[in-house]
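The chain contents come next:
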Amino acid sequence: VNVILLGPPGAGKGTQAKRLEESRGMVQLSTGDMLREAKTSGSEMGRRAAEVMDRGELVTDEIVIGLIREKLQSPAAGGFIFDGFPRTLKQADALGELLAQMGQGLDAVIEMQVDDAALVARITGRYSCGACGAVYHDDTKPTKVEGVCDVCGSTDLRRRADDTAEALSKRLMEYYKKTSPLIGYYYAKGQLSSVDGLAEMDAVSAAIAKVLDKRG
Ligand code: AP5
Ligand code: ZN
């Protein structure tokens, strides 16, 4: 089963992708995580991408399509979860072609619906584990022991450079301008399902499972 999680920053895409990895043995492909890795690696591409990301703008289609192409070289038995990709119509077309070359297709596109007011609270309260990537929130999902990752025990808990109010407003604008047209694109293909992203995490997971069981 190959699925796209579509939604604005803070909708819960990463949170639900990690749960699908655990519950269904799927593989999460987050272009945001890949770009942040490139940033830490200190490569020239990572350095250039970091500047754009920290401002809240989208990096070029060429870079992210290249990253996804590389990851699709190793097949995933449980299928892929596309998290934060595609984000433009050009990326959506490229994904369709890449999957077709593998003799595969998309089984579902799940739009996670949330409103802007909730996103600000989600983004400004977010932190994550630098060692294993687990995602937390000051109010809705704090670590059990303060300062220690529940999953791996690391004390390297961080906040993202683009999780400021200023970068967030730019990220939202980019989403509405460049990414939200994908909702119509996939609706027209008959592939779109929507879930209420404002519900509690378990309820969102259940809604996503229902879509995958029906479509997968
Ligand atoms: P990316 O890393 O993809 O960030 P994003 O899309 O802005 O999404 P987020 O990671 O902020 O949110 P999320 O939906 O995963 O929410 P999460 O689960 O963490 O992209 C970053 C940047 O990289 C972009 O701005 C761009 O520059 C670049 N980039 C990436 N991909 C690109 C592409 N394809 N093309 C071009 N550029 C690209 O949840 C948020 C918080 O809420 C967490 O604290 C979580 O614990 C909490 N939470 C989650 N669900 C719930 C719930 N149901 N109830 C209560 N709290 C919840
Ligand atoms: Zn961890």
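Residues numbered from 1 in each chain as written. Chains lettered and ligands numbered in written order. Predicted model: local features only at pLDDT ≥ 70, side-chain atom pairs only at ≥ 80, totals over all residues.

Per an unreviewed UniProt entry, the protein goes by the name Adenylate kinase and belongs to Cereibacter johrii. Its UniProt record, at the heading Function (unreviewed entry), says of the protein: "Catalyzes the reversible transfer of the terminal phosphate group between ATP and AMP. Plays an important role in cellular energy homeostasis and in adenine nucleotide metabolism." Reading the Catalytic activity (unreviewed entry) entry of the UniProt record for the protein gives the comment "AMP + ATP = 2 ADP". (UniProt positions renumbered as here; feature names shortened; annotations may be inferred.)

Undergrad: An account of the sheet that holds strand 3 (residues 80-83) is needed here, citing residue identities and associated values.
TA: In space, the five strands of this open sheet follow the order 2-3-1-4-8, with parallel pairing throughout. What marks the edges here is a single partner per strand, and that holds for strand 2 (27-30) and strand 8 (192-196). Looking at each pair of strands side by side, their axes are set apart by 25 degrees on average, direction ignored. (Pairing = 2+ DSSP bridges. Helix = DSSP H or I, 4+ residues; strand = E, 2+ residues; numbered from the N terminus. Axes fitted to C-alpha atoms, helices over the stretch in contact; angles between N-to-C directions.)

Undergrad: Now, about the UniProt feature "binding site: AMP" (unreviewed entry) in the protein: what can you tell me, with residues and values included?
TA: With numbering matched to this structure, UniProt assigns "binding site: AMP" (unreviewed entry) to Thr31, Arg36, Glu57, Leu58, Val59, Gly84, Phe85, Pro86, Arg87, Gln91, Arg160 and Arg171. For the annotated residues, spread through 141 residues, the largest C-alpha to C-alpha distance comes to 24.3 Å, inconsistent with a single compact locus. Residues within four places of glycine 84 in sequence aside, it is in contact with Lys13, Ser30, Thr31 and Gly32. Within the element layout of this structure, proline 86 appears in the loop between strand 3 and helix 5 (89-101). Discounting chain neighbours no more than four positions away, the residues touching proline 86 are Gln91, Ala92, Leu95 and Leu182. (Contact = placed C-beta atoms within 7 Å.)

Undergrad: Go over the site of ligand 1 with me, naming the residues and quoting the values.
TA: Near ligand 1 lie 35 residues; those nearest to it are Pro9, Gly12, Gly14, Gly32 and Gly84. Residue assignment for the shell around ligand 1 shows that the elements contributing at least two residues are helix 1 (13-24), helix 2 (31-41), helix 3 (44-55), strand 6 (135-137) and helix 9 (201-215). Looking at side-chain class alone, the shell around ligand 1 contains 13 nonpolar, 13 polar and nine charged residues. (Near = placed C-beta within 6 Å. Nonpolar A, V, L, I, M, F, W, Y, C, P; charged D, E, K, R; others polar.)

Undergrad: A description of the UniProt feature "domain: Adenylate kinase active site lid" (unreviewed entry) in the protein should follow, citing residues and the corresponding values.
TA: Summarizing the sequence annotation, UniProt attributes the feature "domain: Adenylate kinase active site lid" (unreviewed entry) to residues 126-162 in the numbering used throughout. Taken end to end, residues 126-162 is 0% helix and 24% strand, and its first and last C-alpha atoms sit 11 Å apart.

Undergrad: I'd like a rundown of the nonpolar core, residues and numbers included.
TA: Counting 36 residues, the largest nonpolar core has Ile4, Leu5, Leu6, Ile81, Phe82 and Ile110 as the members making the most contacts within it. Ranked by residue count, the leading element in this core is strand 1 (residues 3-6), at four residues. (Core = buried A, V, L, I, M, F, W, Y, C linked by C-beta atoms within 7 Å. Buried ≥ 20, exposed ≤ 12 C-beta atoms within 10 Å, placed from the backbone.)

Undergrad: So what's going on with the environment of alanine 207? Residues and values would help.
TA: Tracing the sequence through the fold places alanine 207 in helix 9. Once the C-alpha coordinates of alanine 207 and valine 195 are considered, the two residues, twelve residues apart in sequence, prove to be 6.3 Å apart. The residues touching alanine 207, leaving out its near neighbours within four places in the chain, are Val195 and Asp196.

Undergrad: Tell me about the packing of helix 2 against helix 3, and name the residues and values.
TA: Relative orientation and spacing of two packed helices are given, respectively, by the angle between their axes and the distance between those axes. At a closest axis distance of 7 Å, the pairing of helix 2 and helix 3 adopts a crossing angle of 120 degrees. Here helix 2 is positioned oblique relative to helix 3, judged by the angle of their axes. Both helix 2 and helix 3 take part in a crossing whose hand is left-handed. Of the residues in helix 3, those touching helix 2 at Leu35, Ala38, Lys39 and Ser41 are Met45, Gly46, Ala49, Ala50 and Met53. (Parallel < 35°, antiparallel > 145°, perpendicular 65-115°, else oblique. Left-handed = near helix turned anticlockwise from the far one by under 90°.)

Undergrad: Please set out the packing of helix 1 against helix 9 residue by residue, giving values where relevant.
TA: Following both chains from N to C, one finds helix 1 and helix 9 inclined at 65 degrees, their axes separated by 11 Å at the closest point. Of the two elements, helix 1 crosses helix 9, and the hand of that crossing is right-handed. In contact with Thr15, Gln16 and Arg19 of helix 1, helix 9 contributes Met201, Val204, Ser205 and Ile208.

Undergrad: Break down the pairing of strand 4 (residues 108-113) for me, with residues and values.
TA: Pairing geometry for strand 1 and strand 4, over four bridges, is parallel. Bridge pairing links leucine 5 to isoleucine 110 in strand 4. Of the strand pairs in this sheet, strand 4 and strand 8 are connected by five bridges, and their pairing is parallel. Bridge pairing in strand 8 places valine 109 opposite leucine 192.

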